[in-house]
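# Fold and geometry: a report
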Amino acid sequence: MAEEKLVHSEEAGGAEAVSSEELGRRKFLGGIIGIVAGAVAFIVGLPAIGYLISPGVKRQTQEQWLTLGPVDSIKPGLPTGFPFSRRVKDGWVESTQTGVAFAVTDDNQNIQVFSNVCTHLNCRVNWDEGRDGFFCPCHDGLFGLHGEVISGPPPRPLDQFQTKIENGQLSILLEA
Ligand code: FES
């Protein structure tokens, strides 16, 4: 009688041990299969995902030379504004970028070209003869003829474009 109990209890214990071992093994195998399936799906799907989202995250990084006009039209000591516009593609979004580039020269030899975007909060500056500077109406920022900050909140001078002159035409380098 006592022997039978022991057998039963061993059997019961053995059956329980086998069952939890089996369960553990199944869980382990299930986990491995899940990981492998996930990895395969990821590897197979990655090019498709990249194809679908890449235009949305890609920025156009092409630089573009833009011809403003003849160098002769720039009067020494006074900024000459050249309005420009161009198409810009940023991921899925295509837009038109407009602006005015201000060319400044003292001697018709060295020419600086400034952006009309204020370095404080991106408002547009304009040459103000009365103030003898580039004035930003948003917060009364004032820049000098060579883009230097004279007064107001702008933290730095006006941005300058890289320039080149070919066949008497002034061009600026625009970045996307
Ligand atoms: S945006 Fe030009 S001074 Fe603030």
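Refer to the preceding data block for the structure.
Here's a quick rundown of the structure.

### Some details on the overall build of the protein
The helix and strand tally for the protein stands at 1 helix and 11 strands. Moving toward the C terminus, one meets the helices and strands of the protein in the order α-β-β-β-β-β-β-β-β-β-β-β. Across the 176 residues of the protein, 14% fall into the buried class. In the protein, the share of contacts with a sequence separation of at least 24, taken over all contacts with a separation of at least 6, comes to 47%.

### Some details on unusual backbone geometry
At Asp132, a residue that is not glycine, the phi angle is positive and equals roughly 55°. Tracing the sequence through the fold places Asp132 in the loop between β5 (126-128) and β6 (133-136). For Asn167, which is not glycine, the phi torsion reads 50° and is therefore positive.

### What to know about the sheet that holds strand β7 (residues 141-143)
Here 4 strands make up an open sheet; going across it, the order is β5-β6-β7-β8 and the pairing antiparallel. In this open sheet, the two edge strands, each paired with only one partner strand, are β5 and β8 (149-151). Here the strands of the sheet are splayed against their neighbours by 40° on average, with no regard to which way each runs. The sheet contact formed by β7 and β8 spans 2 bridges and is antiparallel. Its bridge partner being in β8, Leu142 is matched across the sheet by Ser151.

### Describing the nonpolar core
Taken as a class, soluble globular proteins show a tendency for nonpolar side chains to be buried jointly. Counting 18 residues, the largest nonpolar core has Ala101, Phe102, Ala103, Val113 and Val125 as the members making the most contacts within it. Only β3 (93-105), β4 (111-115), β6 and β11 (169-175) provide two or more residues apiece to this core. Residue contributions to this core peak at 4 residues, all from β3. Apart from residues no more than four positions distant in its own chain, Val125 is found in contact with Asn116, Cys118, Phe134, Phe135, Cys136, Phe143 and Leu158.

### A short note on the environment of Arg124
Here Arg124 is to be found in the loop between β4 and β5. The spacing of Arg124 and Cys138 is 14 residues in sequence and 8.5 Å in space, taken between C-alpha atoms. Discounting residues that sit within four places of it in the chain, Arg124 has contacts with Asn116, Val117 and Cys118.

### Thoughts on the sheet that holds strand β10 (residues 163-166)
If you trace the 3 strands from one edge of the open sheet to the other, you get β1-β11-β10, paired in antiparallel fashion. Of all the strands in the sheet, the pair left with one neighbour each is β1 (63-70) and β10. Along the sheet, successive strands turn relative to each other by an average axial angle of 30°, direction set aside. Summarising the sheet, β10 and β11 pair through 4 bridges and their orientation is antiparallel. Within the sheet, the bridge partner assigned to Lys164 lies in β11 and is Ser171.

### With respect to the environment of Lys164
Of note, Lys164 is situated in strand β10. Along the chain, Lys164 and Leu66 lie 98 residues apart, while their C-alpha atoms are 9.8 Å from each other. Filtering out sequence-adjacent residues up to four positions away, Lys164 remains in contact with Trp65 and Ser171.

What counts and how
- Residues numbered from 1 in each chain as written.
- Predicted model: local features only at pLDDT ≥ 70, side-chain atom pairs only at ≥ 80, totals over all residues.
- Helix = DSSP H or I, 4+ residues; strand = E, 2+ residues; numbered from the N terminus.
- Buried ≥ 20, exposed ≤ 12 C-beta atoms within 10 Å, placed from the backbone.
- Contact = placed C-beta atoms within 7 Å.
- Pairing = 2+ DSSP bridges.
- Axes fitted to C-alpha atoms, helices over the stretch in contact; angles between N-to-C directions.
- Core = buried A, V, L, I, M, F, W, Y, C linked by C-beta atoms within 7 Å.

In short, the description is geometric, and any link to function would need to be established separately.
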